[in-house]
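One letter stands for each residue in the lines below.
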Amino acid sequence: MEVCRLDPTGQVLVHRNVPSTPAAFLEVVGPYRADLVVAVECMFTWYWLADLCAAEGITFVLGHALAMKAIHGGNAKNDKIDSHKIAVLLRGGMLPQAYVYPAAMRSTRDLLRRRLHDDALVTDLELTIVRAAKRQDGDAFHRLKSVPGIGKVLALTILYEIHDIDRFDRVQAFASDARVIKCRKESAGKKLGTSGAKMGNVHLKWAFSEAAVSLLRHSREGQQLLARLEKKHGKGKALSILAHKIGRAVYYMLSRGTV
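Anyway, here's the lowdown on the structure attached to this text. (Residues numbered from 1 in each chain as written. Predicted model: local features only at pLDDT ≥ 70, side-chain atom pairs only at ≥ 80, totals over all residues. Heavy atoms only, no water.)

### Remarks on the overall build of the protein chain
A tally of regular secondary structure across the protein chain gives 11 helices and seven strands. In the protein chain, which comprises 259 residues, the proportion classed as buried is 39%. Put simply, 56% of the contacts in the protein chain that link residues at least 6 apart link residues at least 24 apart. Entry remark: accessible area of the protein chain is about 15100 Å², with carbon and sulfur atoms responsible for 52%. (Helix = DSSP H or I, 4+ residues; strand = E, 2+ residues; numbered from the N terminus. Buried < 20%, exposed > 50% of the residue type's maximum accessible area, 1.4 Å probe, protein only. Contact = heavy atoms within 4.5 Å. Areas by Shrake-Rupley, 256 points an atom, 1.4 Å probe, with all protein chains shown as cover.)

### Structural notes on the environment of Thr-9
Looking at where Thr-9 falls in the secondary structure, it is placed in the loop between strand S1 (2–6) and strand S2 (12–17). Along the chain, Thr-9 and Arg-91 lie 82 residues apart, while their C-alpha atoms are 8.9 Å from each other. Reaching out from Thr-9, the side chain makes a polar contact with the side chain of Asp-7 at a distance of 2.7 Å. (Polar contact = N/O pair within 3.5 Å; in protein donor to acceptor, adjacent residues only side chain to side chain.)

### Some points on unusual backbone geometry
The residue Asp-35 is not glycine, and still its phi comes out positive at about 60°. For His-163, which is not a glycine, the phi torsion comes out positive at approximately 65°. Here His-163 shows up in the loop between helix H7 (152–162) and helix H8 (171–177).

### Quick notes on the pairing of S1
Within a regular strand, the side chains alternate between the two sheet faces. S1 sits mainly inside the fold: four of its five residues count as buried. Judged from the five bridges that link them, S1 and S2 form a sheet pairing that is antiparallel. Bridging from a neighbouring strand, Val-3 pairs with Arg-16 of S2. Following S1, the chain reverses through five residues before pairing antiparallel with S2; Gly-10 in that reversal takes a positive phi of roughly 95°. (Pairing = 2+ DSSP bridges.)

### A look at the sheet that holds strand S5 (residues 97–98)
Read from one edge of the open sheet, three strands run S3-S4-S5, paired in mixed fashion. If you trace the sheet from one side to the other, it starts and ends with strand S3 (37–41) and S5, each paired once. In terms of strand pairing, strand S4 (residues 59–63) meets S5 through two bridges, oriented antiparallel. Bridge pairing in S5 links Gly-63 to Gln-97.

### Some details on the packing of aromatic side chains
According to the stated counting rule, one finds seven aromatic pairs in the structure shown. Ring geometry for Tyr-99 versus Tyr-101: centroids 6.3 Å apart, planes at 90°, classification edge-to-face. On the accessibility criterion, Tyr-101 (2% relative accessible area) is buried. With a centroid separation of 5.3 Å and an interplanar angle of 75°, the aromatic rings of Phe-168 and Phe-174 are classed as edge-to-face. The buried category is assigned to Phe-168, whose relative accessible area is 8%. A residue is classified by how much of its surface remains accessible, and Phe-174, at 1% relative accessible area, is buried. Linked through ring pairs, Phe-168, Phe-174, Phe-208, Tyr-251 and Tyr-252 together constitute an aromatic cluster. Here the basic side chain of Arg-109 rests over the ring of Tyr-101, its NZ or CZ set 4.0 Å away from the ring centre. (Phe/Tyr/Trp six-rings, centres within 6.5 Å; stacked < 30°, edge-to-face > 60°. Lys NZ or Arg CZ within 6 Å of the ring centre and 35° of its normal.)

### Observations concerning helix H2 (residues 47–56)
Here H2 has its buried residues at Leu-49, Ala-50, Leu-52 and Cys-53. For H2, the buried positions fall inside an angular range of 160° around the axis, keeping them on one side. Of the exposed residues in H2, the ones pointing more than 90 degrees away from its buried face are Ala-54 and Ala-55. Next to the buried residues of H2 lie helix H1 (22–29), S3, S4 and helix H5 (103–115). Backbone geometry just after H2 places Gly-57 at a positive phi near 70°. (Arc of directions from axis to C-beta.)

### Concerning the nonpolar core
In terms of nonpolar packing, the biggest core is built from 45 residues, with Ile-150, Ile-158, Ile-162 and Phe-208 touching the most fellow members. Of all the elements in the fold, those that place two or more residues in this core are H5, helix H6 (122–145), H7, H8, helix H9 (202–218), helix H10 (220–233) and helix H11 (235–256). Element by element, the count of residues in this core is highest for H11, at nine residues. In this structure Ile-158 touches Leu-144, Ile-150, Leu-204, Ala-207, Phe-208 and Val-250, once residues within four positions along its chain are discounted. One finds Val-3, Val-29, Leu-36 and Ala-50 within the second-largest nonpolar core, a separate group that totals 19 residues. (Core = buried A, V, L, I, M, F, W, Y, C linked by side-chain atoms within 4.5 Å.)

### What about H5?
Side chains that are three or four residues apart share a direction in an α-helix, a result of its 3.6 residues per turn. Given a rise of 1.5 Å per residue, 13 residues ought to cover 18 Å, and the 19 Å separating the end C-alpha atoms of H5 matches this to within 8%. Within H5 the residues assigned to the buried category are Met-105, Arg-106, Thr-108, Arg-109, Leu-112 and Arg-115. (Expected span 1.5 Å × (residues − 1).)

In structure tokens form, the structure reads like this:
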């Protein structure tokens, strides 16, 4: 891995490639432990470094890969260049941050994600996940299942992808993270379309979209609502609006502790 260390004035103190091991990392940052903040891009293999920093009492932040446009926008791109740009963004307070998911729940969440792509041993797998979910937050699990259209698997997916509803200070922030709304682009009072379609949690988007489809199979009220939305917005957009409404309902249920 490429390590770049800047001092408070922006001067490069260390910039070199080291083995991706705890020992090598601790050795290279050893002389600079005071007030150290470690930032990495959210790309598949950050778990071990986040856990190491937590164990060593080092502040750790996770850079949002899609939002880090400064890294992807240059003509030249490699690990050495990227590591320096991450350090510069962090020092300037401009690093877009992703959520550092707690280590204690990661294995179950990853198991649940795996379940979506692997049908083998599904029964035993779901039983293990349900038991873990009930131990973690049985009340929230049962509240989610009270929503028409949300069954066991969707409830588990939503529960583990959210982790803590209080990390969202308002329903709009939650809806944006769940990809059930698109951000509007405006300039000089004119609408310029939408953006951010790929920002946020794709697994939550899938769960709420599936919940909307399931709701329509079992709820006459849901079908009537969709029909009204289709007349006003068209069929494709109507289903997205329905998923958005379910997402908002879930936010308020979990934040208020109600069914």
